[in-house]
Amino acid sequence: MSNTESRKEINSILIDIVEKALGSGIIGSVMVPSRGPENSFPWTLISDVSALERAEPLPPVMSVHGAKALASFTQSPSDGRLLAVMRPCEARAAVELSKLEQINLDNIILLTMDCPGAVPLSEYGEDGTIEPDLHHPDTLRPLCRQCIEFTSKGDLCLAIHGGLSMVVPLTTRGDELLDSLGMKAESDTSAWKEWASGLGQEREITRTESTDNLQKAYNGLQGLIEAFSGCISCRSCRTVCPICYCRLCFIDMKDRRSPASEYLERSRNSGATRLMSDTLLFHIGRMAHMSLSCVSCGMCEDACPSDIPIGRLVSMVSDNTTELFDYNAGSNSEDPLPLNTFRLEELHEYED
Amino acid sequence: MIENSVLISTSSTLDTMRRLLTQLLENREVDSVFALRETRQEGRYCYSLITDPSLVSEVLPFHPVMPVQGARALSNLTITEPFDRPVAALLRPCEIRAFVENVKQSQGSLENIFIISCTCPGVIPASRLLGEERDEVLRNPDENIRNACRACTEFIPGAQADMTVIIASDKPLDGAVIYLHSERAVETAEKFDSCTLEKGPPPTELTSELLEARGKALKELLRDIPAPGDGLRSLVSLFSACIGCRGCREACPLCSCVLCDYETARTAHSPELVRAEAKRKGSLRVPSGTLQFQLGRLMHISPICTSCGQCSDVCPVDIPVSDIFIRAANLVQESLNYFPGRDTDDTPPLATFVEKELLDITD
Ligand code: SF4
Ligand code: SF4
Ligand code: SF4
Ligand code: SF4
């Protein structure tokens, strides 16, 4: 990892920009991760420049998804302008959530960076020293290793590869911000773009390999049953997913409850029935709900206490559905959502 | 109550248990068996409802794992209606206690459930069984059990159990020893061949050393872990790494609300409020409400927490959730003079719960 690519360097550039924007009043507040106690990196909504002292815009781990944090206070348009510094997959989810009417992006500027990836929470927790390094995929979460959307998202992106160290505007909103900060620099971005397409190709290969392996390991419905056999129904995958925003999930609705006699019936059919018996319905239902909007961020997999490759599975399914609808989650805020309706009955035949 | 009748068998506990369950199913003494099995994936377990006697050979009675809290699974089965035919359920003491609390809150029914429990040696955190050191860990369960189990002094089942299988005991047993607590248990045992029925010492006599060790561990846990009464700062720090996955709540057998209070519009902080608060303080953690959720759950659950440790087990960032809950439960339950799961007839304190009553214990 070269010096300009180090997290420390990226963080100091990002903090400079934020400080400038907040200090000059061009923006009213900023949402960034900050360093908390016990190796934690909670998101913070900051309006006071002095509070930026603890800011760590690019933390080594992803504890809460940035779009989820953003959605917690932006359903109504914010009064002042807000700058949110987040990873590319977080910016994409923010765009998806705005289409789903969970975020109002009107007064929000999204600043991203060339993302090095994130360290798995379980490994970081040990001593808090592992650094995410895109040249060493084994430091990264499985979904980060195969991420192909690692740069150029949101309104602006901090480019640190291809010999650059500058903020590249991606939208008129981004353009305007750079203008007002007096940071607009003409520069040749071709080497940077080359870097991105090179890494993108490498990642595509990893992604294809990973999908092949998954399909081999968990083939068809029987395969899915196996994949989820260790699921303990903690539903953390759902809770941490930026796209799963329902207050009450379909699986928890009272009318989904079955009487004891029905469980016995199922048990008699095959001699035994696994409990909690709605595991598969939950996962297939969730995939059906959000596979079009999945941004492959890997939050679900990172939170899963049972080491189920849940993120890779959803992301694989998502690849297929988005291809079918020729849709790319979070890439373009103009593209309409391909599906607005979902019928639960569609899935009943998959229930075990 | 049958005083200390014991079924003694010279074959292993595993073998005896499986034969007993097969007999129960084959004689139609029960319709189904609720027990642990290994899934098709090694090292991963699940509860199953078994009706086919030939599948009993897959049952792992009291294997030291708790993939889901048994009460939660049983509540799922019986929440809309009770079993109309007997089912034999293999449950650990803390699972029974949690289920008794479920029943009190109309989240399930004990009707037709024949409970087979054990003197419980504890369970191993699921994460320790996922790695390569799995076999090693399973060979030394005592060194690897949950924190909550290490400090569990209620490892002998209460009055709801029909049978108690001696698993944990001070001295190793040769063969199986099963205490019979109900007429039905005695009837079942009388039909069971290759065993003898005797009178034994009370099960507490077989586990007095264990009780002492657990009591000591409990004291240490209570001494070392901060409680809400010790000031908010320590809790803020303990929960700082919380990722808000709510796994602790979903795994908890006692958190049975369809929609958690802290997911409702009533407790949600409005966008305007969050933004105003951030402006006022200069900086605010978002999403807000991490501690509100934890303190709220503490308030709701500490009176009825059965100290099973399931919440800690699922926490992906290793927050000692159950230690905190056990400490709070200890304080609260003692002051309310309420012991969750002891008796279905004890009125739960929350039946008459006024939120303000507990404020003095929360901060
Ligand atoms: S399903 Fe998983 S990978 Fe996809 S958006 Fe949700 S958390 Fe991210
Ligand atoms: S996080 Fe993992 S164990 Fe929990 S519900 Fe999702 S897949 Fe199952
Ligand atoms: S807390 Fe642990 S030792 Fe106590 S009954 Fe439950 S599983 Fe057994
Ligand atoms: S399981 Fe752990 S990380 Fe998840 S909500 Fe509970 S305390 Fe927080």
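Residues numbered from 1 in each chain as written. Chains lettered and ligands numbered in written order. Predicted model: local features only at pLDDT ≥ 70, side-chain atom pairs only at ≥ 80, totals over all residues. Heavy atoms only, no water.

1. With respect to the interface of chain A and chain B
Contacts between the two partners involve 66 residues from chain A, matched on the other side by 59 residues from chain B. Both faces considered, chain A and chain B share a buried interface measuring about 5,200 Å² in area, 59% of it formed by carbon and sulfur atoms. Contact with chain B buries surface across chain A, with R247, L275 and M276 of chain A losing the most and accounting together for 13% of the total. In this structure, the connection of chain A to chain B is made through three salt bridges. Those elements that place two or more of their residues in the side of chain A that touches chain B are β2 (43-46), α2 (66-71), α8 (220-227), α9 (236-240), α10 (260-270), β7 (272-275) and α12 (299-303) of chain A. The element that contributes the greatest number of residues to the side of chain A that touches chain B is α10 of chain A, accounting for seven residues. Here the side of chain A that touches chain B is built from residues that sort into 29 nonpolar, 22 polar and 15 charged. Judged from the four bridges that link them, β7 of chain A and strand β3 (residues 45-50) of chain B form a sheet pairing that is antiparallel. Considered in β3 of chain B, the bridge of R274 of chain A is made with S48 of chain B. (Contact = heavy atoms within 4.5 Å. Buried area = accessible area lost by both parts, 1.4 Å probe. Salt bridge = Lys/Arg side-chain N within 4 Å of Asp/Glu carboxyl O. Helix = DSSP H or I, 4+ residues; strand = E, 2+ residues; numbered from the N terminus. Nonpolar A, V, L, I, M, F, W, Y, C, P; charged D, E, K, R; others polar. Pairing = 2+ DSSP bridges.)

2. Quick look at the site of ligand 1
All names here are of chain A. Of all residues adjacent to ligand 1, which total 13 residues, the nearest are C241, M290, C294, C297 and C300. Elements with a minimum of two residues in the shell around ligand 1: α11 (279-290) and α12. Grouping the amino acids of the shell around ligand 1 by side-chain chemistry returns 10 nonpolar, two polar and one charged. (Near = heavy atom within 4 Å.)

3. Re the domain arrangement of chain B
Residues and elements named next belong to chain B. Structurally, chain B comprises domain 1 (5-217) and domain 2 (227-362). Computed over C-alpha atoms, the centres of domain 1 and domain 2 are 29 Å apart. Every contact between the two is made by 22 residues of domain 1 and, on the other side, 26 residues of domain 2. Carbon and sulfur atoms supply 46% of the area that domain 1 and domain 2 bury against each other, a total of about 1,900 Å² over both sides. In terms of surface lost to domain 2, no three residues of domain 1 exceed R72, E101 and K104, which account for 30% of the buried area on that side. (Domains from an automatic or database assignment.)

4. Remarks on the packing of aromatic side chains
Describing an aromatic ring pair means giving the distance of the ring centres and the angle of the ring planes. Per the counting criterion, the structure on display carries four aromatic pairs over all chains. On the numbers, 5.4 Å between centres and 75 degrees between planes, the contact of F150 of chain A with W195 of chain A is edge-to-face. Linking F150 of chain A in the loop between α5 (142-145) and β5 (156-159) with W195 of chain A in helix α7 (residues 190-217), this pair joins segments that are 45 residues apart in sequence. We classify W195 of chain A as buried; its relative accessible area is 16%. Directly above the ring of F293 of chain B sits R246 of chain B, whose terminal nitrogen or CZ lies 3.9 Å from the centroid. The ring centre of F325 of chain B lies 4.2 Å from the NZ or CZ of R297 of chain B, which sits over that ring. (Phe/Tyr/Trp six-rings, centres within 6.5 Å; stacked < 30°, edge-to-face > 60°. Buried < 20%, exposed > 50% of the residue type's maximum accessible area, 1.4 Å probe, protein only. Lys NZ or Arg CZ within 6 Å of the ring centre and 35° of its normal.)

5. A short note on the layout of surface pockets
A water-sized probe, rolled over the atoms, reveals where empty space remains. Within this model, the second largest pocket holds a volume of roughly 1,300 Å³. Along the wall of the second largest pocket there are 45 residues; nearest its centre are P305 and D307 of chain A together with S127, R128 and L130 of chain B. Secondary-structure elements contributing two or more residues to the lining of the second largest pocket are α4 (121-127), α5 and α12 of chain A together with α4 (134-139), α6 (147-150), α13 (310-314) and α14 (321-336) of chain B. Considering only residue class, the lining of the second largest pocket consists of 16 nonpolar, 10 polar and 19 charged. (1 Å grid on protein atoms, 1.4 Å probe; cavity = no way out; pocket = protein on both sides within 12 Å on 5 of 7 lines; lining within 4 Å. Points joined across faces, edges and corners; volume = space filled by probe spheres on them.)

6. Structural notes on a negative patch on the surface
Among the surface-exposed residues, E123, E126, D127 and D138 of chain A together with D318 of chain B lie close enough to one another that they form a single negatively charged patch. On the basis of relative accessible area, E126 of chain A is assigned to the exposed category, the value being 66%. (Patch = residues over 30% accessible without salt bridge, like charges linked within 9 Å, V, L, I, M, F, W, Y side chains within 5 Å. Areas by Shrake-Rupley, 256 points an atom, 1.4 Å probe, with all protein chains shown as cover. Lys, Arg positive; Asp, Glu negative; His and termini not counted. Charge placed at Lys NZ, Arg CZ, Asp CG, Glu CD.)

7. With respect to unusual backbone geometry
Backbone phi values are negative for most residues with the exception of glycine, while trans is the configuration of most peptide bonds. For the bond running from L275 of chain A to M276 of chain A, omega is -5 degrees, close enough to zero to count as cis. Inspection of the secondary structure assignment puts M276 of chain A in the loop between β7 and α11. The peptide bond linking V286 of chain B to P287 of chain B adopts the cis configuration, its omega dihedral lying at -10 degrees. Positive phi is not limited to glycine here, since S233 of chain A has a value of about 60 degrees. Counting through the fold element by element, S233 of chain A comes out in the loop between α8 and α9. One non-glycine residue with positive phi stands out, namely N112 of chain B, at about 65 degrees. Inspection of the secondary structure assignment puts N112 of chain B in the loop between α3 (93-104) and β5 (113-119).

8. A closer look at the sheet that holds strand β8 (residues 196-199) of chain B
The strand order across the open sheet built from nine strands is β7(A)-β3(B)-β2(B)-β4(B)-β5(B)-β6(B)-β7(B)-β1(B)-β8(B), with neighbouring strands paired in mixed fashion. Of all strands in the sheet, those bounded by a partner on one side alone are β7 of chain A together with β8 of chain B. Geometrically, the sheet is characterised by an average inter-axis angle of 30 degrees between neighbouring strands, direction not taken into account. With three bridges joining them, strand β6 (residues 163-166) of chain B and strand β7 (residues 176-180) of chain B adopt antiparallel strand pairing. Looking at the pairing, V165 of chain B lines up with I178 of chain B of β7 of chain B. Together, β1 (5-9), β2 (32-38), β3, β4 (87-90), β5, β6 and β7 of chain B form the strand contacts of helix α1 (residues 13-26) of chain B, whose direction differs from that of β7 of chain B by roughly 45 degrees. In the packing of α3 of chain B onto the sheet, the strands contacted are β3, β4 and β5 of chain B, and the crossing angle to β5 of chain B comes to about 140 degrees. (Axes fitted to C-alpha atoms, helices over the stretch in contact; angles between N-to-C directions.)

9. What to know about the pairing of strand β6 (residues 166-169) of chain A
Residues and elements named next belong to chain A. As paired strands, β5 and β6 are joined by four bridges and run antiparallel to one another. Across the sheet, C157 pairs through a bridge with V168, a residue of β6. Connecting β5 to the antiparallel partner β6 that follows it, the hairpin turn spans six residues, and G162 within it adopts a positive phi of roughly 60 degrees.

10. Some remarks on the confidence of the model for chain B
Here chain B averages 92 in pLDDT, while 95% of its residues score no lower than 70. Note on the complex model: pTM 0.92, ipTM 0.90. (pLDDT = per-residue confidence, 0-100.)

11. As for the domain arrangement of chain A
Residue and element names in this part refer to chain A. Each assigned domain of chain A is listed here: domain 1 (3-206) and domain 2 (217-344). Look at where the C-alpha atoms of domain 1 and domain 2 centre, and you get two points 28 Å apart. When domain 1 packs against domain 2, close to 2,100 Å² is buried across both sides, 58% of that on carbon and sulfur atoms. Broken down residue by residue, the surface that domain 1 buries against domain 2 is led by E96, K99 and L143, which jointly contribute 29%. The interface formed by domain 1 and domain 2 contains one salt bridge.

12. Digging into the sheet that holds strand β9 (residues 283-286) of chain B
Overall, mixed pairing links the seven strands, which are arranged β6(A)-β5(A)-β4(A)-β3(A)-β1(A)-β2(A)-β9(B) in an open sheet. Each having just a single partner strand, β6 of chain A together with β9 of chain B make up the two edges of the open sheet. Strand-to-strand twist of the sheet, defined as the mean angle between neighbouring strand axes without regard to direction, takes the value 25 degrees. In the sheet, β2 of chain A pairs with β9 of chain B via four bridges, with the strands oriented antiparallel.

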